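Residue strings, one per chain:
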Amino acid sequence: MITIGKSSIYTDEDCNLDWIRGQKAGVIGYGNQGRAQALNLRDNDINVRIGLRKNSASAPAVGKDELQHDNIGNVCHWADVIVMLIPDDQIPSIYEKYVCPNLDDQKKVIFAHGYAVRYKTIHITTPESVILVSPSGPGKLLRSRFISGNGIPALVAAMDDSDVSFGNALSYAKAIGCTRIFALKTTFQEETETDLFGEQAVLTGGLPALIISAYNAMIAKGFQPVAAWLVCFYEVQLIVDLFSNQGIDGMYNSISSTAAFGGITRGER
């Protein structure tokens, strides 16, 4: 474990697959995260079964990937670990109808996002059964990096904050490839609120709004749409790649002095 300020960081060396390889994992849902996590688990020799609604459109994809599937109730009964990889708004009904009746002292429920727990859209009577493993990225990226021998970071928590439950969470995080980069110890509250803030203020709120507003401002001044698109949209990925690879200071060192001066003096304004 590495400690940075108040942060505890865990990597592959800090955890193992012993616990998760001894469990039957029931993945509920086969969308973006469901498919990626299920395939990563399978490739790490974990016994996986997919829980789907009757006549689910995802059934052919599960079959093509050579995974077993069954209805959600049967999978929840069969599984030792129930992995909730369905949209937040669908979790309450599925949890109440299928998960709760099948819970016992030994089962674990894993969430990829803390929303349902943080905002109490579900009723939890056994905190020791609930853990959080939240990959910091979309499922397709989680899967592609896993295949290449890499991974993406994850935020990890145990609702009862016990060493045993947290160790189980790390074991699962390792199985889907996240601890190849790192897992950050967190809480359900912190993961939920930082995720929502990041999405709304930056990723899916602020950044698209900035791009669209800047593009429209240039068009209103008579610039060509293609020229405006290049500088307001296309080049965003290039700068983000520099952030990712070199940090913000490294980005400033990699661009022209004119761009650096303009950015530093105009950013706040």
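About the cut-offs
- Residues numbered from 1 in each chain as written.
- Predicted model: local features only at pLDDT ≥ 70, side-chain atom pairs only at ≥ 80, totals over all residues.
- Heavy atoms only, no water.
- Helix = DSSP H or I, 4+ residues; strand = E, 2+ residues; numbered from the N terminus.
- Buried < 20%, exposed > 50% of the residue type's maximum accessible area, 1.4 Å probe, protein only.
- Contact = heavy atoms within 4.5 Å.
- Core = buried A, V, L, I, M, F, W, Y, C linked by side-chain atoms within 4.5 Å.
- Pairing = 2+ DSSP bridges.
- Right-handed = clockwise from strand over helix to strand, strands pointing away.

## Digging into unusual backbone geometry
Okay, so step 1: Its identity is not glycine, yet Glu66 carries a phi of approximately 60°, on the positive side.
Okay, so step 2: Following the sequence through the fold, Glu66 ends up in the loop between helix H3 (59–64) and strand S5 (68–71).
Okay, so step 3: Residues other than glycine seldom take positive phi values, yet Lys120 does so here, at roughly 55°.
Okay, so step 4: As for its position among the elements, Lys120 is in the loop between helix H6 (115–118) and strand S8 (130–135).

## Quick notes on the side chain of Arg143
Okay, so step 1: Locating Arg143 in the fold gives a position in helix H7 (residues 139–147).
Okay, so step 2: What makes Arg143 buried here is its relative accessible area of 12%.
Okay, so step 3: Leaving out residues up to four positions away in the same chain, Arg143 has contacts with Ala36, Leu39, Asn40, Arg42 and Asp43.

## Examining the nonpolar core
Okay, so step 1: Ranked by internal contacts, the top residues of the largest apolar core, which has 39 residues, are Ile20, Val27, Tyr30, Leu41, Ile50 and Tyr172.
Okay, so step 2: Broken down by secondary-structure element, the contributors of at least two residues to this core are helix H1 (18–21), strand S3 (24–28), helix H2 (32–43), strand S4 (47–52), strand S6 (81–84), S8, strand S9 (154–158) and helix H8 (163–175).
Okay, so step 3: Ranked by residue count, the leading element in this core is H8, at six residues.
Okay, so step 4: In this structure, Ile28, Ile82, Val99 and Ala116 belong to the second largest nonpolar core, which totals 23 residues.

## Topic: the pairing of strand S7 (residues 108–111)
Okay, so step 1: Burial of S7 is two-sided: the residues Lys108 and Ile110 facing one way and the residues Val109 and Phe111 facing the other way are all buried.
Okay, so step 2: In the sheet, S6 pairs with S7 via four bridges, with the strands oriented parallel. Bridged to Val81 within S7 is Lys108.
Okay, so step 3: What joins S6 to S7 is helix H5 (residues 91–99), and the crossover it makes is right-handed.
Okay, so step 4: As defined by bridge partners, S7 adjoins S8 across three bridges and the pair is classed as parallel. The residue of S8 that forms the bridge with Val109 is Val130.

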